[in-house]
Amino acid sequence: MHGRYQIKIKNSRNSYSFELKRNITVLRGDSGTGKTTLFRMVSDYNESGRNSGVSISCDRPVIAMEKRIWETEIERIENSIIVIDEDSKFICSKEFAKAVRHSNNYFLLITRHYLAELPISVDEIYILSGAKNKKFVPLYHEKERIFDDVKQSLLPFKPEV
């Protein structure tokens, strides 16, 4: 998959509108901002379709990937947007990074983990803004992206100890 994908996900309580421009996008933020709600809405839609009360608008399928079956699912899924929630620690693994490199999917990773194995652009790290109508807002602004050490600019998170 190449290009940009506009995605709108909503139910009666929440609405998310965002664009994915690269194959890896990271969504970060504090507890209670709606990150896991976004994942659950996608998961509910995947399980029950419109009966879930969730609607998803996108040119490609949007799929919530559960941690227990990621290895078999990532090989099976093609040309889709895959959303992975922050309790899925496998996204920090070399195996996951290898699978992403060989995949034609886009990935929305909801996490606060250190992702040293993945080639993430600081331009594709976001936080959520808004109460009911949530939008993705870049975590780093133009002036904050100027670093002496290139590695620091690409990997702004500290590993968990």
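What this report covers is the structure whose coordinates are included nearby. (Residues numbered from 1 in each chain as written. Predicted model: local features only at pLDDT ≥ 70, side-chain atom pairs only at ≥ 80, totals over all residues. Heavy atoms only, no water.)

1. Focus: the pattern of salt bridges
Close approach of charged atoms allows side chains of opposite charge to pair.
Here comes step 1: Applying the stated criterion to the full structure yields four salt bridges.
Here comes step 2: Measuring nitrogen to oxygen at the nearest pair gives 3.2 Å for the salt bridge that ties Glu 19 to Arg 4. Residue Glu 19 is found in strand 2 (residues 15-20), and its partner Arg 4 is found in the segment before strand 1 (5-10); the two are separated by 15 residues along the sequence.
Here comes step 3: Residue classification places Arg 4 among the exposed positions, given a relative accessible area of 55%. (Salt bridge = Lys/Arg side-chain N within 4 Å of Asp/Glu carboxyl O. Helix = DSSP H or I, 4+ residues; strand = E, 2+ residues; numbered from the N terminus. Buried < 20%, exposed > 50% of the residue type's maximum accessible area, 1.4 Å probe, protein only.)

2. Describing the pairing of strand 7 (residues 106-110)
Every regular strand shows the same layout, with side chains that alternate between the two sheet faces.
Here comes step 1: Counting buried residues along strand 7, five of its five residues qualify, which places the element largely inside the surrounding structure.
Here comes step 2: The side-chain alternation of strand 7 yields two buried faces, one formed by Tyr 106, Leu 108 and Ile 110 and the other by Phe 107 and Leu 109.
Here comes step 3: As paired elements, strand 3 (residues 24-27) and strand 7 share four bridges and run parallel to each other. Bridge pairing links Val 26 to Leu 109 in strand 7.
Here comes step 4: Examined bridge by bridge, strand 6 (residues 81-84) and strand 7 share four bridges and lie parallel to one another. Paired with Val 83 across the strands is Leu 108, a residue of strand 7.
Here comes step 5: Remark: the strand 6/helix 3 (residues 94-101)/strand 7 crossover connection has right-handed handedness. (Pairing = 2+ DSSP bridges. Right-handed = clockwise from strand over helix to strand, strands pointing away.)

3. Quick look at the environment of Asn 105
Here comes step 1: As for its placement among the helices and strands, Asn 105 is situated in the loop between helix 3 and strand 7.
Here comes step 2: Once you skip the residues sitting within four places of it in the chain, Asn 105 turns out to touch Asn 23, Ile 74, Ile 77, Glu 78, Asn 79, Ser 80 and Ile 82.
Here comes step 3: Within polar-contact distance, the side chain of Asn 105 engages the backbone nitrogen of Asn 79 at 3.0 Å.
Here comes step 4: A polar contact of 2.8 Å, which involves the side chain of Asn 105, links it to the side chain of Ser 103. (Contact = heavy atoms within 4.5 Å. Polar contact = N/O pair within 3.5 Å; in protein donor to acceptor, adjacent residues only side chain to side chain.)

4. Looking at the sheet that holds strand 7
Here comes step 1: An order of 4-1-2-9-8-3-7-6-5 is seen for the nine strands of this open sheet, with the pairing classed as mixed. Each edge of the open sheet carries a strand with a single partner, namely strand 4 (55-57) and strand 5 (62-64). The sheet shows a mean angle of 25° between the axes of neighbouring strands, direction not considered.
Here comes step 2: Where helix 1 (residues 35-48) meets the sheet, its contacts fall on strand 1, strand 2, strand 3, strand 4, strand 5, strand 6, strand 7, strand 8 (125-129) and strand 9 (133-138), and the angle it forms with strand 5 comes to roughly 105°. (Axes fitted to C-alpha atoms, helices over the stretch in contact; angles between N-to-C directions.)

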